[in-house]
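Examining the three-dimensional arrangement
Each chain is listed here by its residues.
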Amino acid sequence: MQAGVNRIMNNTDKYLALRAQYPVFEYVAYHHEVCGEGLRVWFDFRMGDVEFHPTALVERRPFLDFDKDIDWIVFNIGMVELVSYWKCACPPTVRVLCGALTDSQVVFWKKLYWNGLGEFYYTNDISESQESFMEVESGKLKVEIPADADKGFSSQFSISNSYLVPVGGGKDSVVTLELLRRAGKKIRPLIMNPRGATVECAAKAGFAMDEVLVIRRTIDKTLLDLNAKGYLNGHTPFSAMLAFYTMLASALSGVPNVALSNENSANEATVLVRDQNGANENGWSYVNHQYSKSLEFEDDFREYVNEELRMKNEESSFNYFSFLRPLSELQIAMLFSRFTQYHDVFRSCNVGSKQDIWCGHCAKCLFAYIILSPFIEPTRLNAIFGKAMLDDTTMEHEFRQLVGEAETKPFECVGTVSEVRQALAMATARWYKEKRPALLDNIDSLDNQVNQIDLGHLDDLGNLTADERKILQDACTEKSN
């Protein structure tokens, strides 16, 4: 079983002991200053005698205005950063000393923390409930939101045509970049912690690095040391953290539209957690590895920004949405297959991200290979990934997870079971009529699955404008050359 799915059975005793040892986690302060390199932000968290001071740097660019009032944005970034540090001991009380939260804001944060940590609780086999996992207390110091916060989006671009596009180095953000760029929109790529694939994808889209908004985020080494000592560890909602950093990027750049690349399969649960009577077990009914990429989070975040932070007016609004939400992974793969200039530089493998490679042994690599297999000829696909992944029988377990013949889906950003099975059916019909790859030998019948997902149909999901939906619709119904 792959490491990302292994459960640490019954870690509850450690969980309870650490909560007793560290009863309070404090958000002490947040800071920001303009320096030679750009805008530096950092945070002070405290847990008993342990302190954490994570940092981030927005690199200096000519198109950024560092004179904006961003105090209130940085405070909120700290609220989402803290959960990565809180989870090492899970103190029952979070005390916010540097700002005041309304009751509705506390509800937002607790829901985000709870659902974003669903995988953490599941993989650590910890029994807990949403009611008791955390209490949030805040001080009396009010973080002031500027009266004209919603008017801070003056831009060198036309408001309606300018988009920040976070680039992760995978196929999804490439499709967003290319479709918006080809539709004549003004694009500002955003890269957090640049690596080979992200830089190369931006370059293939025609952007030099001085045209890219870059954020470098650093994890405090103290957390890594505690992890090495056996403190609690696990998945946290990275995409939610990115969402709050895009709010900062939007304010500094004057570009109001933030176009994410989360597809509709991000809404599917990774594993259902229920008891024999069908009631919620441990306080939740599902665990979704991709919760902070889901439409539920997107809608909650948009409401939080618009209602709690007043970032909305009739002329220009901070507009966070996923451009690819109406699409399936299969449609995104179809579109990506047309952009051949990216095929040798994109990477979606988390295991090999530091080396900027496809590791060739994880569920994410296998999924990417499968979902592209109907659209890219096998010899070319093997060259991209470094091997014929469907002939690798050491990947049997991950394969069974992806096709729905195991207890859970992989805890990775992968598509739905139906998408995987249709991709395999389509690839078999197109490329493997005479001889199937080894992993397909024992799979349940794929008959009648070739056309289950209509590649020309857009789901009625998301927060897109009519113009943005038309861009997607035209692309999906365009015939490939």
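Calculation rules
Residues numbered from 1 in each chain as written. Predicted model: local features only at pLDDT ≥ 70, side-chain atom pairs only at ≥ 80, totals over all residues. Heavy atoms only, no water. Helix = DSSP H or I, 4+ residues; strand = E, 2+ residues; numbered from the N terminus. Pairing = 2+ DSSP bridges. Buried < 20%, exposed > 50% of the residue type's maximum accessible area, 1.4 Å probe, protein only. Contact = heavy atoms within 4.5 Å. Salt bridge = Lys/Arg side-chain N within 4 Å of Asp/Glu carboxyl O. Disulfide = S-S within 2.5 Å. Phe/Tyr/Trp six-rings, centres within 6.5 Å; stacked < 30°, edge-to-face > 60°. Lys NZ or Arg CZ within 6 Å of the ring centre and 35° of its normal. pLDDT = per-residue confidence, 0-100. Right-handed = clockwise from strand over helix to strand, strands pointing away. Axes fitted to C-alpha atoms, helices over the stretch in contact; angles between N-to-C directions. Parallel < 35°, antiparallel > 145°, perpendicular 65-115°, else oblique. Left-handed = near helix turned anticlockwise from the far one by under 90°. Nonpolar A, V, L, I, M, F, W, Y, C, P; charged D, E, K, R; others polar. Expected span 1.5 Å × (residues − 1).

Below, the discussion takes up the environment of Ala203. Assignment of secondary structure puts Ala203 in helix α6 (residues 196–204). As a C-alpha pair, Ala203 and Tyr342 span 139 residues in sequence and 9.8 Å in three-dimensional space.

Backbone phi values are negative for most residues with the exception of glycine, while trans is the configuration of most peptide bonds. Positioned with a positive phi, Asp125 is a non-glycine residue whose angle comes to about 55°. In this fold, Asp125 is placed in the loop between α4 (118–123) and β6 (135–138). With a phi angle near 55°, Asn193 is a residue other than glycine that sits in the positive phi range. Following the sequence through the fold, Asn193 ends up in the loop between β8 (186–192) and α6.

A separate point is the pairing of strand β9 (residues 213–218). As paired strands, strand β4 (residues 55–59) and β9 are joined by four bridges and run antiparallel to one another. Residue pairing for β9: Leu57 is matched across the bridge by Arg216. Examined bridge by bridge, β8 and β9 share three bridges and lie parallel to one another. Bridge pairing in β9 places Ile191 opposite Val214.

Let us now look at the side chain of Ser322. Residue placement: Ser322 occurs in strand β13 (residues 319–322). Judged by its relative accessible area of 0%, Ser322 is buried. Setting aside residues up to four positions removed in sequence, Ser322 forms contacts with Leu260, Ser261, Asn262, Glu263, Glu298 and Leu464.

Turning our attention to the pattern of salt bridges. As enumerated under the stated definition, the model contains 24 salt bridges in all. Of the charged contacts, one joins Lys111 and Glu296 as a salt bridge, the two residues approaching to 2.9 Å between their closest N and O atoms. Of the two residues, Lys111 sits in helix α3 (residues 103–116) while Glu296 sits in helix α9 (residues 295–308), which places them 185 residues apart along the sequence. In this structure, Arg400 and Glu396 form a salt bridge, with 2.7 Å as the shortest nitrogen-oxygen distance. Here the residue Arg400 and the residue Glu396 both occupy positions in helix α13 (residues 396–402), the gap between them amounting to four residues, near one helical turn.

Next up on the list: the state of the cysteines. Overall, the coordinates contain zero disulfides when judged by the stated rule. The closest cysteine sulfur to the non-disulfide-bonded Cys359 is located on Cys349, 3.6 Å from its own sulfur. With no disulfide of its own, Cys365 lies closest to Cys349 among cysteine sulfurs, the gap being 3.6 Å.

Quick look at the packing of aromatic side chains now. Here the distance between the centres and the angle between the planes together describe a pair of aromatic rings. The tally for this structure, following the rule as stated, stands at 33 aromatic pairs. Aromatic side chains Phe108 and Trp109 sit 5.1 Å apart centroid to centroid with 80° between the ring planes, which places their arrangement in the edge-to-face category. For the pair Phe108 and Trp109, a shared accessibility class is recorded, and that class is buried. Taken together, a centroid distance of 5.4 Å and an interplanar angle of 70° make the contact between Tyr369 and Phe385 edge-to-face. You can see Tyr369 sitting in helix α11 (residues 363–372) and its partner Phe385 sitting in helix α12 (residues 378–385), a full 16 residues away along the chain. The class of Tyr369 is buried, set by a relative accessible area of 2%. On the accessibility criterion, Phe385 (5% relative accessible area) is buried. Of the aromatic side chains, those joined through ring pairs into one cluster are Phe108, Trp109, Tyr113, Phe244, Tyr291, Phe297, Phe301, Tyr304, Phe318 and Tyr320. A cation over a ring is seen here: Arg40 above Trp42, with NZ or CZ 4.1 Å from the ring centre. Directly above the aromatic system of Phe63 lies the positively charged group of Arg188, at a separation of 3.5 Å from the ring centroid.

The next thing to look at is the confidence of the model for the chain. Chain-level pLDDT for the chain is 88 on average; 86% of the residues reach the 70-or-more range. Low pLDDT, under 50, characterises residues 1–5; the stretch is placed with 15 contacts to residues that sit more than four places away or in other chains. Long-range and interchain partners of residues 274–281, a stretch whose pLDDT sits below 50, account for eight contacts in this model, where long-range means more than four residues apart.

Among the seven residues that make up β8, six are buried, leaving the element largely enclosed by the rest of the structure. Of the pairings in the sheet, the one linking strand β7 (residues 162–166) to β8 comprises five bridges and is parallel in character. Looking at the pairing, Tyr163 lines up with Ile187 of β8. What joins β7 to β8 is helix α5 (residues 171–182), and the crossover it makes is right-handed.

On to the packing of helix α2 (residues 71–86) against α3. Packed helices, taken two at a time, are described by the angle between their axes plus the distance between the axes. Axis separation between α2 and α3 bottoms out at 10 Å; the angle between their running directions is 30°. Compared by their axis directions, α2 and α3 come out roughly parallel. Considering only the axes of α2 and α3, their crossing is right-handed. Residues Asn76, Met79, Val80, Leu82 and Val83 of α2 form the contact with α3, whose own contacting residues are Trp109, Leu112 and Tyr113. When the residues that make up the contact of α2 with α3 are grouped by side-chain class, the tally is seven nonpolar, one polar and no charged.

The next point concerns helix α8 (residues 238–253). For an α-helix, 3.6 residues make a turn, and residues three or four places apart therefore share a direction. For α8, which comprises 16 residues, the first-to-last C-alpha distance of 22 Å matches the rise-based estimate of 22 Å (1.5 Å per residue) to within 8%. Most of α8 is tucked away: 15 of the 16 residues are buried. Immediately downstream of α8, the backbone of Gly254 shows phi near 75°, a positive value.

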